[in-house]
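This is what each chain is made of:
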Amino acid sequence: MNEILNRAIKRADEEISGVKLQNLSPDAALFGEGKAILDSLNLVTFIFIIEDEFLKITGKKIKISAQEIVSKSDCPFRTLRTLEAYLRRKNEG
Amino acid sequence: MKLVVMESERSEVTSERFLSLLQKEFLVMMLPSREFQDEDFLEQLEKKLGGFDVWPLRLERPISTDKKIHPDLDKAPAGFLVRSSGTSGTGPKMIVHEAALFVRKFSNSRPSFQTTLNFFPPDSIAGIETLLESTVHGTKIIQPGKEILPSRILDLLLTEKIDYLHITPTFMNMLLLHGLSEKHLESVKTLAFGSEPSQPRILDQIRNLKPEMELRHNYGMSEIGLQATITNPSRPSYFKFDHDVNPARVNGGLLEVKTHTPPFKIMDTLHPGEWFPTGDQVELSGDWLKITGRSDDIINVAGKKFFPSVLEDLFMEWEGIQDATVVSEPNELIGNSVTVRISTSTQDDLIRSQLKSFMEAKIPAYMRPQRIEILKSSEVSARLKKKRR
């Protein structure tokens, strides 16, 4: 897991009610499927946390758009693993 | 048509000149110094108003201050222009008022003060009303100076015999945070508040300082001036209109009033009908009203709607918070995302963990903010109201 994601996960557990991401399997459903951990309200909070931590660590301002999230085939929030890959691409891009 | 514009912040100069211009049947508008001294702004103003010749009145020195003014304004076809503050709605609007209607209103009522503080600037409707009321009744206005700071107002409360204090609920909280005590309120008979939703916790704190002091819920807008209201004595965040003076009704949750001081003209807007739609959403308790917010401030999260002031009231129930301001922005996923800006003296990381438990216990899931910003002090607008934009 990269540093941005680790910090965002720690903050999410501290700030979002009923959410525990720290011991979650990298391939467990995060958002979008029936038993996913995040509902849409929590997802928006988590996105703000990620954008905030991304800026703090890289100095780059990113905006995660709704279009990227609603994409069924390539939603970065499907699992922690897809999210990590997405953040790596954002940092390299 | 000639419109005389004046610099409102030189209040010792402009108050008398403003009144004398009205007596001479001019149309007058006061502007803050930064706008008055900006030639580009004046040019834009002239274009926006269309049909008015904007004439800046540059005053080199005060006119004689011992010249007593006895206005006979109720016969003069004079008027003044004010702007709505633009803290809510689609932005500032230009509103033309007939001075005579206001003079008549004050002539037909008892003075609400012997000495008051000019808290609202004279380019606002509340500031102009104070000035006209004082002139009609020959009562005294204390000028607080160019910048309104809580410490300055607390000093004036100790040194001047202010019997009527009209401020915003936001500033009421700021005074409490700066040490407002019973001693400061010794001469104050009436503490009036309005312009934005009030927070019950703050009103209770004020009442505890001086239980015999009248808490008065004022209601007014730039478009219609201050209306006649009666405040609920046990729950001062509720009020009703004095229907003998200003009939009011609630239409689809929104407040409408009939006023004796309707706008002569609102620029770029159709003249309203007999009932003026205030745009304020109200909550009813019997025949008492409570302002919950502007209809265009409503927040819609995943289809569930609420007003910023309702969420602010919930946050204010927690004693670790000095002030809370709720703002929202459009969000493609959930309709609106919500941010709360909290002023507190508690350490940042400590308050975040405490806030989570507080929100879980007190705030419904759909109202919980997606973003929490911790501030060292409250953010207020130029009109000393909550800054929502």
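One can find the structure itself at the top, above this paragraph.
What counts and how
Residues numbered from 1 in each chain as written. Chains lettered and ligands numbered in written order. Predicted model: local features only at pLDDT ≥ 70, side-chain atom pairs only at ≥ 80, totals over all residues. Heavy atoms only, no water. Helix = DSSP H or I, 4+ residues; strand = E, 2+ residues; numbered from the N terminus. Buried < 20%, exposed > 50% of the residue type's maximum accessible area, 1.4 Å probe, protein only. Areas by Shrake-Rupley, 256 points an atom, 1.4 Å probe, with all protein chains shown as cover. Polar contact = N/O pair within 3.5 Å; in protein donor to acceptor, adjacent residues only side chain to side chain. Contact = heavy atoms within 4.5 Å. Axes fitted to C-alpha atoms, helices over the stretch in contact; angles between N-to-C directions. Parallel < 35°, antiparallel > 145°, perpendicular 65-115°, else oblique. Left-handed = near helix turned anticlockwise from the far one by under 90°. Nonpolar A, V, L, I, M, F, W, Y, C, P; charged D, E, K, R; others polar. Buried area = accessible area lost by both parts, 1.4 Å probe. Salt bridge = Lys/Arg side-chain N within 4 Å of Asp/Glu carboxyl O. Phe/Tyr/Trp six-rings, centres within 6.5 Å; stacked < 30°, edge-to-face > 60°.

A. Structural view of the overall build of chain A. Of the regular secondary structure elements, chain A holds four helices and zero strands. Each helix and strand of chain A, placed in order from N terminus to C terminus, yields the pattern α-α-α-α. For chain A, the residues scored as buried account for 47% of the 93 residues in total. With the model as given, the accessible surface of chain A reaches about 5,000 Å², and the carbon-plus-sulfur share is 48%.

B. Representation of the side chain of Gln370 of chain B within the structure. Residue placement: Gln370 of chain B occurs in the loop between helix H10 (348-362) and strand E24 (371-375). The class for Gln370 of chain B is buried, based on a relative accessible area of 5%. Within polar-contact distance, the side chain of Gln370 of chain B engages the backbone oxygen of Arg368 of chain B at 3.3 Å. Apart from the residues within four sequence positions on either side, Gln370 of chain B is in contact with Leu41, Val44, Thr45 and Phe48 of chain A together with Ile334, Asn336, Ser337 and Val338 of chain B.

C. Structural view of the packing of helix H7 (residues 169-177) of chain B against helix H8 (residues 200-209) of chain B. Residues and elements named next belong to chain B. The contact between H7 and H8 brings their axes to 10 Å, and the two run at 55°. Here H7 is positioned oblique relative to H8, judged by the angle of their axes. H7 and H8 meet at a crossing whose hand is left-handed. Contacts between H7 and H8 involve Met172, Asn173 and Leu176 from the first element and Ile202, Leu203, Gln205, Ile206 and Leu209 from the second. Classifying every residue of the contact of H7 with H8 gives six nonpolar, two polar and no charged.

D. Up close: the interface of chain A and chain B. With 16 residues of chain A in contact, the opposing surface of chain B contributes 15 residues. Where chain A abuts chain B, roughly 1,300 Å² becomes buried across the two surfaces, and 63% of that area is made up of carbon and sulfur atoms. Seen at the junction of chain A and chain B, the total is zero salt bridges. The interface formed by chain A and chain B contains two residue pairs in polar contact (both at pLDDT 80 or more).

E. Main features of the packing of aromatic side chains. Here the structure, examined in full by the defined rule, presents 11 aromatic pairs over all chains. Taking the centre distance of 6.1 Å and the plane angle of 70° together, the rings of Phe46 of chain A and Phe77 of chain A count as edge-to-face. On the criterion of sequence distance, the pair formed by Phe46 of chain A in helix H2 (residues 40-58) and Phe77 of chain A in the loop between helix H3 (66-70) and helix H4 (80-92) is long-range, its members being 31 residues apart. Note on accessibility: Phe46 of chain A and Phe77 of chain A belong to one class, buried. Seen from their ring centres, Phe315 of chain B and Phe358 of chain B are 6.3 Å apart, and the 35° between their planes marks the pair as tilted. Note that Phe315 of chain B is positioned in helix H9 (residues 308-316) and Phe358 of chain B in helix H10, a separation of 43 residues in sequence. Of the two residues, Phe315 of chain B and Phe358 of chain B, neither departs from the other in class, the shared state being buried.

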